[in-house]
Amino acid sequence: MDIRIAASDHRAPTTLPDPLGFGRHFTHRMLTRTWSADTGWEPVASIGPRVPIALDPGAQVLHCGQAIFEGTKAYLRADGALGLFRPEANAARFERSARRLALPPLPVEDFVEALAAFADCERDWAPQAPGASLYLRPVLLGIEPTLEVRASARCLFYVVASPCGPYFASGFRPVAVRVEDAHVRAVRGGTGSAKTVGNYAGSLAATEAARSDGYQQVLWLDAIERRWIEEAGAMNVAFVRGGRTIVTPALSGSILEGVTRDSVLRLAPDLGFAVEETRLDIADVMADVRAGAITEAFCMGTAAVVVPIGRIGRDGHDFVVGDGAAGPVATALYDTLTAIQTGRRADPYGWTRVVARRGVAQPTTA
Ligand code: COI
């Protein structure tokens, strides 16, 4: 794949808005590459001005929702270089999501190269503040005009970038979640493990209702028995038993395989914590929260990294987790992961990639 960069006099503003918020501001360029059933992926990806996408009103995505996306962050590192975090993991998930949605899989190396080239172009937009990053949003859509229910014969891959602060305006502070007993996010055999737009659309009504009652996220249960904990909002979730053991729902087919989730599970033993992937019964978890056997709970995702859960609501009652404050396990995980991501701490896992100027991402040396 070649990358063509259109000449541009778009520069990053000398000051970025403060506070930045999450996903509210965009850089001035985008990367695009098209696919057709006849000729496959176009050999060139183009970086040019970020302009509205002209879609035929009959475009497949507008009716059938054939669309997937990813989220990954470029961090300004302590030495001024720009770093990506596990872009291959996002690329692999993008490929899996594409297959689940009958979209054309983009080769992993093309995804990583496109991301690195685009991040390189937009590096002046990477914010410096703690907890801030240049969030990259790759998207793949079916754009063929057709009202038939079938896979689109034309697709568009694009990437936009957004200089972002923390996902929650409160940053690394405890959030409140409400157990969602009416709606479900996903069912085994469905699309819950793919990062497809419909999963998020289907989550909005419950999330907005929870928000208007003072919770930031909902705690999703499984679709069949309404018993097993799956995710917290748009993130994976974990609980801490006895201050040392991190337990998280095992991947069941309806849970998104989070890159942050995987990183936490790999990192935690090196910080002295035990990890367990298992089925978590909501009734047991609520009882353990009440009894103090669960000392912490936290969400994990690319956007928020790790965020403590201070309060869980169900049936009109609220239960405080631990003492309701950010606990030591979530704090250690957040601090260590963000230090690795920003190059403030050695990366023995080989997760970080420095974006070469006018080039691709190179592994950092730990
Ligand atoms: C993430 O944690 O990155 C998410 O998937 C949440 C959202 C911004 C889509």
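Further up the page is the structure itself.
Reference entry: report on the structure contained in this document. Within each chain, residues carry numbers counting from 1 in the order of the written sequence. The model is predicted, so local features are restricted to residues of pLDDT at least 70 and side-chain atom pairs to those at 80 or more, both for listing and for counting; the totals for chains, interfaces and linings are taken over all residues. Side-chain numbers come from the whole structure's heavy atoms, not from hydrogens or water.

**Re the overall build of the protein chain**
And then number 1: Runs of H or I in DSSP of at least four residues are treated as helices and runs of E of at least two as strands, each being numbered from the N terminus. Counting secondary structure elements, the protein chain contains 8 helices and 20 strands.
And then number 2: The size measure is the radius of gyration over C-alpha atoms, and the globule rule it meets is 2.2 Å times the number of residues to the 0.38 power. On C-alpha atoms alone, the protein chain measures out to a radius of gyration of 21 Å, which is about the 21 Å that the 2.2 N^0.38 rule sets for 366 residues.
And then number 3: Principal-axis analysis of the C-alpha atoms places the extent of the protein chain at approximately 60 × 50 × 35 Å.
And then number 4: Partly exposed residues are those whose accessible area sits between 20% and 50% of the maximum for their type, while under 20% is buried and over 50% is exposed, using a 1.4 Å probe and protein chains only. Going through the 366 residues of the protein chain one by one, you find that 51% of them count as buried.
And then number 5: In this description, contact between two residues means that some pair of their heavy atoms is separated by no more than 4.5 Å. Across the protein chain, the fraction of contacts at a sequence separation of at least 24, relative to all contacts at a separation of at least 6, is 70%.
And then number 6: Here the protein chain displays about 15,500 Å² of accessible surface, and carbon together with sulfur accounts for 52% of that area.
And then number 7: If the 38 positive side-chain charges of the protein chain are averaged to one point and the 40 negative ones to another, these points end up 2 Å apart. Exposure was quantified through the Shrake-Rupley algorithm and a 1.4 Å probe, taking into account, for residues, occlusion by the shown protein chains and nothing else. Residues scored as positive are Lys and Arg, those scored as negative are Asp and Glu, and His as well as the terminal groups of each chain are ignored. Charge positions come from single atoms, namely NZ of Lys, CZ of Arg, CG of Asp or CD of Glu.

**What to know about empty space enclosed by the protein**
And then number 1: Residues are called lining when one of their atoms sits within 4 Å of a cavity or pocket point, these points coming from a 1 Å grid over the protein atoms alone, where a cavity is a set in which a 1.4 Å probe fits but cannot get out and a pocket is an open set with protein on both sides within 12 Å along at least five of seven lines. Grid points are joined across faces, edges and corners, and a volume is the space filled by probe spheres set on the points. Inspection of the entire model under this criterion finds 2 cavities of 30 Å³ or more.
And then number 2: In this model, the largest cavity occupies a volume close to 70 Å³.
And then number 3: As for the largest cavity, its lining consists of Gly71, Thr72, Lys73, Tyr75, Phe85, Asn90, Val259, Thr260, Thr302 and Gln341.
And then number 4: No other element matches strand 6 (residues 72-76), which puts 3 residues into the lining of the largest cavity.
And then number 5: Gly falls in the polar group here, along with every residue not listed as nonpolar (Ala, Val, Leu, Ile, Met, Phe, Trp, Tyr, Cys, Pro) or charged (Asp, Glu, Lys, Arg). Here the lining of the largest cavity is built from residues that sort into 3 nonpolar, 6 polar and 1 charged.
And then number 6: All domain edges in this entry derive from an automatic or database-based domain assignment. Shared between two domains, the lining of the largest cavity holds at least three residues of each, these being domain 1 (2-165) and domain 2 (175-341).
And then number 7: The space that makes up the second largest cavity amounts to roughly 30 Å³.
And then number 8: Looking at the second largest cavity, the residues that line it are Thr295, Glu296, Ala297, Pro308, Ile309, Val321, Ala325, Ala326 and Gly327.
And then number 9: Going through the elements one at a time, strand 16 (294-301) and strand 17 (305-314) are the ones with two or more residues in the lining of the second largest cavity.
And then number 10: In terms of residue count, the dominant contributor to the lining of the second largest cavity is strand 16 (3 residues).
And then number 11: A class-by-class count of the residues in the lining of the second largest cavity yields 6 nonpolar, 2 polar and 1 charged.

**Structural notes on helix 2 (residues 87-100)**
And then number 1: Expected helix span is taken as 1.5 Å per residue step, with the number of steps being one fewer than the number of residues. Under the 1.5 Å per step criterion, the end-to-end length of helix 2 is 20 Å for 14 residues, consistent within 8% with the ideal 20 Å.
And then number 2: Burial in helix 2 covers these residues: Pro87, Asn90, Ala91, Arg93, Phe94, Ser97 and Ala98. With its buried residues spanning 165° around the axis, helix 2 presents them on a single face.
And then number 3: Looking one or two residues past helix 2, Ala102 carries a phi angle of roughly 55°, positive in sign. To be clear, the arc concerns the directions from the helix axis to the C-beta atoms.

**Thoughts on the site of the ligand**
And then number 1: Consider each residue's heavy atoms; a residue with any of them within 4 Å of a molecule or strand counts as near. The environment of the ligand is made up of Phe22, Phe69, Tyr135, Arg137, Tyr167, Lys195, Tyr200, Ala234, Gly301, Thr302 and Ala303.
And then number 2: Side-chain atoms alone can form a polar contact between residues adjacent in sequence; in general such a contact is a pair of N or O atoms within 3.5 Å, and within protein one must be able to donate a hydrogen while the other accepts it. A distance of 2.5 Å is found between an oxygen atom of the ligand and a side-chain nitrogen or oxygen belonging to Lys195.
And then number 3: Between the ligand and Ala303 there is a distance of 3.0 Å, counted from an oxygen atom to a backbone nitrogen or oxygen.
And then number 4: Residues of the shell around the ligand, tallied by class, amount to 7 nonpolar, 2 polar and 2 charged.
And then number 5: For the shell around the ligand, the two domains that each supply at least three residues are domain 1 (2-165) and domain 2 (175-341).

**Topic: the side chain of Glu70**
And then number 1: Along the polypeptide, Glu70 turns up in the loop between strand 5 (67-69) and strand 6.
And then number 2: Within the structure, the side chain of Glu70 is placed 2.8 Å from the side chain of Asn90, a separation counted as a polar contact.
And then number 3: Setting aside its immediate chain neighbours within four residues, Glu70 contacts Asn90, Arg93, Phe94, Phe111, Tyr135, Leu136, Arg137, Pro138 and Lys195.

**Thoughts on the layout of surface pockets**
And then number 1: Of the pockets and cavities examined, the largest pocket occupies roughly 730 Å³.
And then number 2: Lining the largest pocket we find 39 residues, and of these Phe69, Arg137, Tyr167, Tyr200 and Ala234 sit closest to its centre.
And then number 3: When residues of the lining of the largest pocket are traced back to their parent elements, those giving at least two are strand 8 (133-142), strand 9 (154-164), helix 4 (197-201), helix 5 (204-212), strand 11 (217-221), helix 6 (259-267) and strand 16.
And then number 4: In terms of residue class, the lining of the largest pocket is made up of 19 nonpolar, 13 polar and 7 charged.
And then number 5: Viewed by domain, the lining of the largest pocket spans two of them, domain 1 (2-165) and domain 2 (175-341), each represented by three or more residues.
And then number 6: Lining the second largest pocket we find 27 residues, and of these Ala129, Pro130, Gly131, Ala132 and Thr342 sit closest to its centre.

**Some points on the nonpolar core**
And then number 1: Nine residue types can take part in a nonpolar core, namely buried Ala, Val, Leu, Ile, Met, Phe, Trp, Tyr and Cys, and a core is a set of them joined through side-chain atoms within 4.5 Å. Core analysis: the biggest nonpolar cluster contains 37 residues, and Leu31, Leu84, Phe111, Leu136, Leu140 and Phe157 have the highest contact counts within it.
And then number 2: For this core, the secondary structure elements donating two or more residues are strand 2 (29-36), strand 4 (44-49), strand 7 (82-85), helix 2, helix 3 (108-121), strand 8 and strand 9.
And then number 3: Every residue in contact with Phe157, bar those within four places of it in the chain, is listed here: Leu31, Thr32, Arg33, Trp41, Phe94, Leu106, Phe111, Ala114, Pro138, Val139 and Leu140.
And then number 4: Counting residues in each nonpolar core, the second largest holds 26 residues, with Leu219, Phe239, Val285 and Ile312 among its members.

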